[in-house]
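# Secondary and tertiary structure notes
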Amino acid sequence: MASPDSTRQQRRPTMKDVAAAAGVSLKTVSRVVNGEANVNETLRTAVLESIAELGFRPNAGARGLRQGRSGTVGLLLEDVADPFYSILSRAVEEVAREHGTMVFAGSSAEDPARERELALAFCERRVDGLIVVPAGASHSYLLPEMRAGIPVVFVDRPPGDIEADMVLTDNTGGTRRGVDHLLAHGHRRIGFIGDAPEIYTAGERLRGYREALESAGIDFSDELVTQAPPNPESTAAALDRLLAGPSPATALLCGNSRTTVSVLRELARREASLALVGFDDLELGDLLQPGLTVVAQDPAAMGAAAARLLFQRITGGPPGDAAGDASGPTQTITIGTRLIARGSGEIPPP
């Protein structure tokens, strides 16, 4: 067991300490620490040995101030625990790592006030840029930061009242693909359960559902649509409506993964069966009986695209690339979806 003296907080070693231990000048230590090439190898070895012995670590914050960059970016998500956002976050991290940059991440929990609080807290820590999954409808609070040179890229949803770079999923095309798949398997009474209508992605997915039906010559019916935050009560009420009456729904499209999980639980409780397509893939979805048919997004591609766009803004980007100019025109990148047929979306109507 360590003694109290050994665990007592001690002063961090400085470059002066390294210089004294190695018997070299402070300038030589600085040149070694900063990776400069023109240093005598004997002196370099002495400095590196002293650094290892003392446990010296350079002050990244001070170095960032000298270089005009902090070597950090902020990533603001809806929920870092959500599988979709964890994949997106990992992709951002991988690109940031290529640029020698750390990622600060936080969750807004769909709260606009918390989104603003976290975004400005990141800016106070002088991050080099921000990637934001917006929770609110107003982002003008970021304009002073953007004018001060902090680039911002929005991902998954567009910003509310400012122009900025963004990376989105083809939400409308994705739900059209899901509905078309159910239509191709003979369904005409297709229900839709989506998230709260004020959420951008929920609205876009409902639009794709409506467009697919209209293209097939089927009238849109409000009685087949529910939009509400997914929870057991709202899901049970939605299925009560969809499965009641003389013409119940024979198929269902779920607007996101949380809604799909809620629906699967309720259907299992009722021992009910209907064709089902989910928007977003689920881990172990292929192990269900039948396997879950989904419209799959690509959160890794979204995160990587957002991070690359951000670093083009930060570093200046390739020659002649407008994204490398902080004052250049904003860009929108749309990532496609794909339909994965596993069985639940191929159940025929009774």
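Residues numbered from 1 in each chain as written. Predicted model: local features only at pLDDT ≥ 70, side-chain atom pairs only at ≥ 80, totals over all residues. Heavy atoms only, no water.

## What to know about the overall build of the protein chain
When its secondary structure is counted, the protein chain shows 13 helices and 12 strands. Relative to its length of 350 residues, the protein chain is extended, with a C-alpha radius of gyration of 26 Å against a globular reference of 20 Å. Taken over the C-alpha atoms alone, the protein chain extends approximately 90 × 55 × 35 Å along its principal axes. Relative to its 350 residues, the protein chain shows a buried fraction of 46%. Taken as a whole, the protein chain presents about 17900 Å² of accessible surface, with 51% of it coming from carbon and sulfur. (Helix = DSSP H or I, 4+ residues; strand = E, 2+ residues; numbered from the N terminus. Rg over C-alpha atoms; globule rule 2.2 N^0.38 Å. Buried < 20%, exposed > 50% of the residue type's maximum accessible area, 1.4 Å probe, protein only. Areas by Shrake-Rupley, 256 points an atom, 1.4 Å probe, with all protein chains shown as cover.)

## Things to note about the pattern of salt bridges
When the charged atoms of two side chains with opposite charge come close together, those side chains can pair. The full count for this structure, using the stated rule, is 16 salt bridges. Arg157 is the salt-bridge partner of Glu78, the closest N and O atoms lying 3.1 Å from each other. Taken together, the residues Glu78 in the loop between β1 (72–77) and α6 (83–98) and Arg157 in the loop between β4 (152–155) and β5 (165–169) connect sequence positions 79 residues apart. Arg157 matches Glu78 in its accessibility class, with the two residues each being buried. The salt bridge partner of Glu266 is Arg269, with a shortest N-O separation of 2.5 Å. One end of the pair is Glu266 and the other is Arg269, both in helix α12 (residues 257–270) and three residues apart, which spans about a single turn. (Salt bridge = Lys/Arg side-chain N within 4 Å of Asp/Glu carboxyl O.)

## Regarding the packing of aromatic side chains
All told, the structure shown has four aromatic pairs when counted by the stated rule. Positioned above the aromatic ring of Phe279, the side-chain terminus of Arg205 is 4.0 Å from the ring centre. The residue whose ring lies beneath Arg210 is Phe220, and the NZ or CZ to ring-centre distance is 3.8 Å. (Phe/Tyr/Trp six-rings, centres within 6.5 Å; stacked < 30°, edge-to-face > 60°. Lys NZ or Arg CZ within 6 Å of the ring centre and 35° of its normal.)

## Regarding the environment of Pro13
Tracing the chain through its elements places Pro13 in the loop between α1 (4–7) and α2 (15–22). In this structure the C-alpha to C-alpha distance between Pro13 and Leu54, which are 41 residues apart in sequence, comes to 6.6 Å. In contact with Pro13, not counting residues within four places along its chain, are Leu54, Gly55 and Phe56. (Contact = heavy atoms within 4.5 Å.)

## Overview of the confidence of the model for the protein chain
Averaged over the protein chain, the pLDDT score is 88; the fraction of residues at 70 or greater is 91%. Below a pLDDT of 50 lies the segment residues 318–325, which in the model reaches 16 contacts outside its immediate sequence neighbourhood of four places, other chains included. (pLDDT = per-residue confidence, 0-100.)

## Concerning the sheet that holds strand β6 (residues 190–194)
Spatial strand order, β7-β6-β8-β9-β10-β12: six strands in an open sheet with mixed pairing. Where the open sheet ends on each side, the last strands, each with one partner, are β7 (225–227) and β12 (338–340). Neighbour-to-neighbour, the strand axes of the sheet open up by a mean angle of 15°, direction not taken into account. Alignment of strand β10 (residues 293–296) against β12, held across three bridges, turns out to be antiparallel. (Pairing = 2+ DSSP bridges. Axes fitted to C-alpha atoms, helices over the stretch in contact; angles between N-to-C directions.)

## Remarks on the sheet that holds β4
The strands making up a sheet associate through backbone hydrogen bonding, with each pair oriented either parallel or antiparallel. Taken in spatial order, the six strands of this open sheet run β2-β1-β3-β4-β5-β11, and their pairing is parallel. The sheet is open, and its two borders are formed by β2 (102–107) and β11 (332–335), each paired with just one other strand. Pairs of neighbouring strands in the sheet enclose a mean axial angle of 15°, with direction left out of account. Strand direction decides the pairing type here: β1 and strand β3 (residues 130–132), joined by three bridges, are parallel. Following the sheet pairing, Gly74 is matched in β3 by Leu130. The strands touched by helix α13 (residues 299–315) are β1, β3, β4, β5 and β11; relative to β5, the strand with the most contacts, the crossing angle is about 170°.

## Digging into the side chain of Ser262
Along the polypeptide, Ser262 turns up in helix α12. Judged by relative accessible area, Ser262 falls into the buried class, the value being 11%. If sequence neighbours within four positions are ignored, Ser262 has contacts with Asn231, Pro232 and Thr235.

## Focus: unusual backbone geometry
In this chain, Gln289 is followed by Pro290 through a cis amide linkage whose omega measures -5°. The topology assignment puts Pro290 in the loop between β9 (275–279) and β10.

## Observations concerning the pairing of strand β8 (residues 251–254)
Neither face of β8 is left uncovered, since the one carrying Ala251 and Leu253 and the one carrying Leu252 and Cys254 both have all their residues buried. Bridge analysis of β6 against β8 gives four bridges, and the strand direction is parallel. Bridge pairing in β8 links Ile190 to Ala251. Two elements, β8 and β9, share four bridges in a ladder whose sense is parallel. Across the sheet, Cys254 pairs through a bridge with Gly278, a residue of β9. Chirality of the crossover, the property in question, places the unit of β8, α12 and β9 among those that are right-handed. (Right-handed = clockwise from strand over helix to strand, strands pointing away.)

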